[in-house]
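Analysis of the macromolecular model
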Amino acid sequence: MRTAALGTTVPNEDGALTGDLDVTDDLEIIGLGADDSILNANQQDRVIEVLNGAVLTLRNVGLTGGMAIDNGYGGGLHNVDGAVALFNVAISSSHGGGGGGIANDGGSMRIVASSITGNRVIEDGSGGGILNSAALTLENVTISGNRAGTGGGLQALGGTATLRNVTLVSNVATGAGGGINNGGATDVRLSNTIVANNSAEFGPVCGYIFTSDGHNLFDDLADCTVLGDTSSNVINGEFGLEGMSLNAASTYTHVPLANSPIIDAGSCDLAVDQRGVTRPQGNGCDIGAVEWVDGEGEVGGPPPVGRTVKMFLPLAAR
């Protein structure tokens, strides 16, 4: 991370000279793991901004400590108009005016086997985890412990958002949409996705409307309209997940309990889970980002091996 003299930054400078890493040409960054290779902005600016239609690929890295200057968008990552792909990336403890973890303004973004945790926006801002206005695809992603005015986990303002095997839990909105808030102009589609244990003044699961492509679990659909394939969805307040922990792939997950209603209740659309575990492990595939493995997350037994992280507090990477 390059900074100007005495640690100062030039607001909204896009030449990668100070503050955030401005990606203006095609770039691939490959780390050793999201808990080992960390880009930390130290609350001086956002972590990364993608401009000029650049192609950015991140693999096995962590982004943390981002703060978008002047309440700008995307504390961890701001995609202005590029083509962005994230694989095994952990985005945490970042904030801004909108999209505390990620703001996807233009172009496209695909996020695979990653976690977006412990991010926030200003009090009346949108998208604690992700703010989306473009083309967004999430596969095997955990979105947890984020906070916003609207859209604690995900705020959709335009474009499209496709969620496959996503675990979207324990997010907070002081206004609408604890899990998801859709501004009405976005096609938001969910399959094999958990949206549960989120809180909001209006719509703990969603603040407006989305389309189900089947095999989702919701704990409460108050104030929320679900279109599409609803016959295979599970409505159950006892969603059965452990607290958040660091997995062997160095991203954060919620491991299912042995009696969770998500087990064998999904469709087998993805060959592996967020940790790289083969699907299915039982008689069918599980809903959410993590496939339950026999003996893991036993009721009354010890928690899964890993580092447990408290919700809604900044995550410190050492």
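Residues numbered from 1 in each chain as written. Predicted model: local features only at pLDDT ≥ 70, side-chain atom pairs only at ≥ 80, totals over all residues. Heavy atoms only, no water.

A look at the overall build of the protein
Per the secondary structure count, the protein includes zero helices and 27 strands. Across the 318 residues of the protein, 58% fall into the buried class. Counted over contacts in the protein with a minimum sequence separation of 6, partners at least 24 positions apart contribute 68%. (Helix = DSSP H or I, 4+ residues; strand = E, 2+ residues; numbered from the N terminus. Buried < 20%, exposed > 50% of the residue type's maximum accessible area, 1.4 Å probe, protein only. Contact = heavy atoms within 4.5 Å.)

Focus: the state of the cysteines
Applying the stated rule across the entire model yields two disulfides. Here cysteine 206 pairs with cysteine 224 through a disulfide, and the sulfurs are 1.9 Å apart. The chirality of the disulfide connecting cysteine 206 with cysteine 224 is right-handed, given an S-S dihedral of about 105°. Of the two residues, cysteine 206 is situated in the loop between strand S21 (199–202) and strand S22 (209–213) and cysteine 224 in the loop between strand S23 (217–218) and strand S24 (225–229); the sequence distance between them amounts to 18 residues. (Disulfide = S-S within 2.5 Å.)

A word on the nonpolar core
Counting residues in each nonpolar core, the largest one holds 40 residues, and the members touching the most others are Leu77 and Ile111. Beyond its immediate sequence surroundings of up to four residues, isoleucine 111 is in contact with Leu86, Ile102, Ile116, Ile130, Leu136, Thr137, Leu138, Glu139 and Val141. Leu217, Val234, Ile263 and Ala265 belong to the second largest nonpolar core, which has 12 residues in total. (Core = buried A, V, L, I, M, F, W, Y, C linked by side-chain atoms within 4.5 Å.)

Things to note about the confidence of the model for the protein
For any part of a model where pLDDT is low, the fine detail of the predicted coordinates should not be relied upon. Looking at the protein as a whole, the pLDDT averages 89, with 87% of positions reaching at least 70. Under a pLDDT of 50 for its full length, residues 1–7 has, in the predicted model, 15 contacts with residues more than four places off or in other chains. Note on residues 299–318: pLDDT is under 50 here. Beyond four places in sequence and across chains, it has 36 contacts. (pLDDT = per-residue confidence, 0-100.)

Concerning unusual backbone geometry
With an omega dihedral of -10°, the bond running from arginine 279 to proline 280 counts as a cis peptide bond. Relative to the helices and strands, proline 280 is located in the segment after strand S27 (252–256). The backbone of serine 93 sits at a positive phi, close to 50°, despite the residue not being glycine. If you trace the backbone, serine 93 turns up in the loop between strand S7 (83–92) and strand S8 (95–96). Judged by relative accessible area, which is 9%, serine 93 ranks as buried.

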